[in-house]
Amino acid sequence: MFKKPLADLKTSAPLRSSDRRKLKQRVLQSFPALQLEEGDTLVPDGLQSQKFSTHLDEPGVAYLSPDGDPLWFTVGKGSDELIPTVYTLWKRPDMLPFISTPAPVVPKLIGGADLMIPGVVQHSPTLSPDELVSVTQYHRGAIGPPLAVGRMAVSSDTLRSAEEVDVKGKAVYVWHTWKDALWEMGTSKKTDVPPPREIQISQEGPVNEMDDEDAGAVPRPENVVYTTPSEAEPSLSSLASDAAEGQPSPGEVSAGPSTSAAKLTPEDVASLLRSSLTQAISTTLSGLPPSSFPIPASTFWSAYVLPARPAYALDVYGLPDANSIDVKHSTFKNVKTFLKASAKDGLIKLKETKSDIMVTAVFPKHVDVLAHRSHRTTGDLEAKVKKAETREQKEREAAEKRKGEIQVAELWKPHGNTVPLFVAAEKDTSELYSIADIKTTLNDYISSRGLINANDQQYINVGSDQAFAIAVSVKGEDTPEFMKRDEVLRRVRAHMQSWHEITAEGGQEVVRKKGEVKPISVVVKIRQGRKACTLLSGYEPFGLQAEELAEELRKTCASSTAVTPIHGKPNSLEVMIQGKQIKAVTDLLITRGIPKKWIEAADLSVAKKK
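Residues numbered from 1 in each chain as written. Predicted model: local features only at pLDDT ≥ 70, side-chain atom pairs only at ≥ 80, totals over all residues. Heavy atoms only, no water.

**Points about the overall build of the protein chain**
Put simply, the test is: Only DSSP runs of H or I with at least four residues qualify as helices, and only runs of E with at least two residues qualify as strands; both kinds are numbered from the N terminus onward. Three exposure classes are used, based on accessible area relative to the maximum for each residue type with a 1.4 Å probe and protein chains only: buried under 20%, partly exposed in between, and exposed over 50%. Contacts between residues were defined by any pair of non-hydrogen atoms, one from each residue, lying within 4.5 Å. Method for areas: the Shrake-Rupley scheme with a 1.4 Å probe, in which residue coverage is limited to the protein chains shown.
Across its full length, the protein chain carries 19 helices and 28 strands. Among the 610 residues that make up the protein chain, the fraction classed as buried is 45%. Here the contacts in the protein chain between residues at least 6 apart in sequence split such that 63% fall between residues at least 24 apart. Total accessible area on the protein chain stands at roughly 31000 Å², and carbon and sulfur atoms take up 50% of it.

See the structure below:
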């Protein structure tokens, strides 16, 4: 929202004492976590108000400290909902529920992006859509300061379900961030980011999705839900290395005083490894066919036990990576001793050879295995990181491919029956609108006029508003009293004047003109008896030249080419290539920056032969 400088910034004015008291009361009522005495700190004497408009022309009011730092703001015409700034959240970090995200995501948020679900590492246990939240940078075993504030796009249940299925979409609509235009208004904008605080650990054990697996297992903080810690694991992911150099590494936020992270003792390591073994037996090992045994001890250890180490231990003990959960640091000291102890307890069966120990069987019905509650493992983290890296690589490749693409925008202008509607909506009738702009205009108009049908919210009462009724009317038909929202949008758009804009790489405008843009046509036809040829037309609006295409296709296809006028279209030329050359022509157009969706190919030669 504040990624660009404010469009219209008025002069600040001191707030009257009575108005300040009312504002303080609103703050205390809106944020129950605040104590009464904190009201004077967060709404101090000498508070000033300053009206502004964002670069999107959204009106708002900022409330500034006597030093000029924005502490609170409202956005929207007539809105009185107070939103704390990052300056305020640094004074009281636990004022809002939180979401944490890996370090490389923070610059994207500052650049104006919303936080996506795959970028969520941790979050408060209970979150609702539209709820205000602070966004922190993930930091293992510590509480980092808020770096952004926004509204939830989904609930905490949706974030938790992302563990089981690949859920995509936005998690938080970001409103304001550290270092954005609102932050830069403050006189303290060069203040260093506060250092992270150590996270509180509850000894009661977890109450959320990841429970302790055995008696004696190490508890996790109960006020933090872990969703995608793999994306913030420095030792497992290359993401963390992309963080801005010298930037403090804030982390997850929780309520209550901070305490030191638990110290990892040899007994703890032994307990974690025991839990890893029962996890492996209850999951992967129990599903192996008998023919998979015997398994060499080294393979059994590296392929099954180590990947099953509990991921939550990394946070509880503040470990940099899973290597600290090593048998050498346990009471067993080596793998052989650990396996023999496990065999003695009846978890596995061993057979010693001259060179190695072989695991000949596991016992999934052992009482410890049956009592085991599954946990998220370090192997899961590694798998998720690999998946994230693969996804990022594909996204980078797609972004690189899009760099040279010609951008095609379909636009519409108010025309005829739709002009009264846009006038009533206080919109400029000479402007061009995208489909998203039209949808927003209609939704705002419908909401402001109360046109949603009381019996079924899918329908709009178009008949009760004259401008709307005119905009959706069809000649020769009676205008219905109500109509589905999608049909309203379709009719309004159909009655507007079509325009299009084609922009080349680098923002250079190629063409912006009236009319609907049509895809480039690549068609194979039979000519002169049995000879097939490929005909290319409709490329002119995209800035391509007939002679250049013909020459390049002649070399690429090793076929003869010709350029001829299209009958009935004196200003349009058709490029003919001998033979069936759809793939070669399509590939050339794509390399010239034409998006694939704007290429329409068809082979009509088969139908011709029939």
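**Side note on the environment of His-415**
Position of His-415 relative to the elements: it lies in the loop between β19 (407–413) and α13 (419–424). Expressed as a C-alpha distance, the spacing of His-415 and Ser-430, which sit 15 residues apart in the sequence, is 9.2 Å. Dropping the residues within four chain positions of it, His-415 is found in contact with His-495, Met-496 and Gln-497.

**Some thoughts on the nonpolar core**
To keep things clear, this is the line we draw: Buried Ala, Val, Leu, Ile, Met, Phe, Trp, Tyr and Cys residues that are joined via side-chain atoms within 4.5 Å together make up what is termed a nonpolar core.
Residues Phe-2, Phe-31 and Trp-72 are the most contacted members of the largest nonpolar core, which totals 38 residues. Of all the elements in the fold, those that place two or more residues in this core are α1 (17–30), β4 (59–64), β5 (70–75), α3 (86–91), β12 (146–152) and α6 (181–184). Of all hydrophobic cores here, the second largest spans 34 residues; its members include Phe-293, Ala-308, Phe-338 and Val-359.

**Examining the confidence of the model for the protein chain**
Convention followed: Confidence per residue, as judged by the predictor, is encoded in pLDDT with a range of 0 to 100.
Summing up the model confidence of the protein chain, the mean pLDDT is 83 and the portion of residues at 70 or higher is 86%. Contacts from residues 228–261, a stretch scored under 50 in pLDDT, to residues over four places away or in other chains number 108 contacts.

**A few points about helix α18 (residues 582–591)**
So the rule is basically this: The arc in question is the one traced by the directions running from the helix axis out to the C-beta atoms.
Along α18, the residues classified as buried are Val-585, Thr-586, Leu-588 and Leu-589. Down the axis of α18, the buried side of the element spans an arc of 160°, and every buried residue falls inside it. Exposed residues on α18 whose side chains face more than 90 degrees from its buried face are Lys-583 and Thr-591. Of the residues one or two after α18, Gly-593 is the one with positive phi, at around 95°.

**Focus on the pairing of strand β3 (residues 48–53)**
As a reminder, the rule being used: Whether two strands pair depends on DSSP finding at least two bridges between them.
Examined bridge by bridge, strand β1 (residues 8–9) and β3 share two bridges and lie antiparallel to one another. Its bridge partner lying in β3, Leu-9 is registered against Phe-52. Sheet analysis places strand β2 (residues 13–14) next to β3, joined by two bridges and oriented antiparallel. The residue bridging Pro-14 from the neighbouring strand is Gln-48, located in β3.

**Things to note about the environment of Gly-318**
Tracing the backbone shows Gly-318 in the loop between α9 (312–317) and α10 (335–344). For Gly-318 and His-139, which are 179 residues apart along the polypeptide, the C-alpha to C-alpha distance reads 9.5 Å. Apart from residues lying up to four places away in sequence, Gly-318 is in contact with Arg-140 and Ala-313.

**Some words on the packing of helix α14 (residues 435–449) against helix α16 (residues 485–495)**
To characterise two packed helices, one gives the angle between the axes of the helices and the distance between these axes. Here is the rule: Lines are fitted to the C-alpha atoms to define the axes, a helix being fitted only along its stretch in contact, and any angle between axes, read from their N-to-C directions, falls within 0 to 180 degrees. Under this scheme an angle from 65 to 115 degrees is roughly perpendicular, one under 35 degrees roughly parallel, and one over 145 degrees roughly antiparallel; angles in between are oblique. Two helices cross in a left-handed way if the nearer one is turned anticlockwise from the farther one by less than a right angle. They cross in a right-handed way if the turn is clockwise. Three categories are distinguished: nonpolar for Ala, Val, Leu, Ile, Met, Phe, Trp, Tyr, Cys and Pro, charged for Asp, Glu, Lys and Arg, and polar for the others, with Gly belonging to the last.
With their axes 11 Å apart at the nearest point, α14 and α16 run at an angle of 120° to one another. With respect to each other, α14 and α16 are oriented oblique. Read as a crossing pair, α14 and α16 show a hand that is right-handed. Contact with α14, carried on its side by Ile-435, Ile-438, Lys-439, Leu-442, Asn-443 and Ile-446, involves Arg-485, Val-488, Leu-489, Val-492 and Arg-493 of α16 and no other residues of that element. Residue classes in the contact of α14 with α16 are distributed as seven nonpolar, one polar and three charged.

**So, unusual backbone geometry**
Cis rather than trans, the peptide bond between Phe-293 and Pro-294 has omega equal to 0°. Looking at where Pro-294 falls in the secondary structure, it is placed in the loop between α7 (266–282) and β16 (295–296). A positive phi is found at Lys-179, a non-glycine position, where the angle reads about 75°. With respect to the helices, strands and loops of the structure, Lys-179 is situated in the loop between β13 (170–177) and α6. Here Lys-179 falls in the partly exposed class, since its relative accessible area comes to 48%. Notably, Lys-333 is not glycine yet its phi reads approximately 75°, a positive angle. Following the sequence through the fold, Lys-333 ends up in the loop between α9 and α10.

**Focus: the sheet that holds strand β27 (residues 569–578)**
Here five strands make up an open sheet; going across it, the order is β26-β27-β25-β24-β28 and the pairing mixed. What marks the edges here is a single partner per strand, and that holds for β26 (561–566) and β28 (599–603). Sheet twist, expressed as the mean angle between neighbouring strand axes with direction ignored, is 25°. In this sheet, β27 lies alongside strand β25 (residues 531–537) in antiparallel orientation, the contact comprising four bridges. Across the sheet, Cys-533 pairs through a bridge with Gln-578, a residue of β27.

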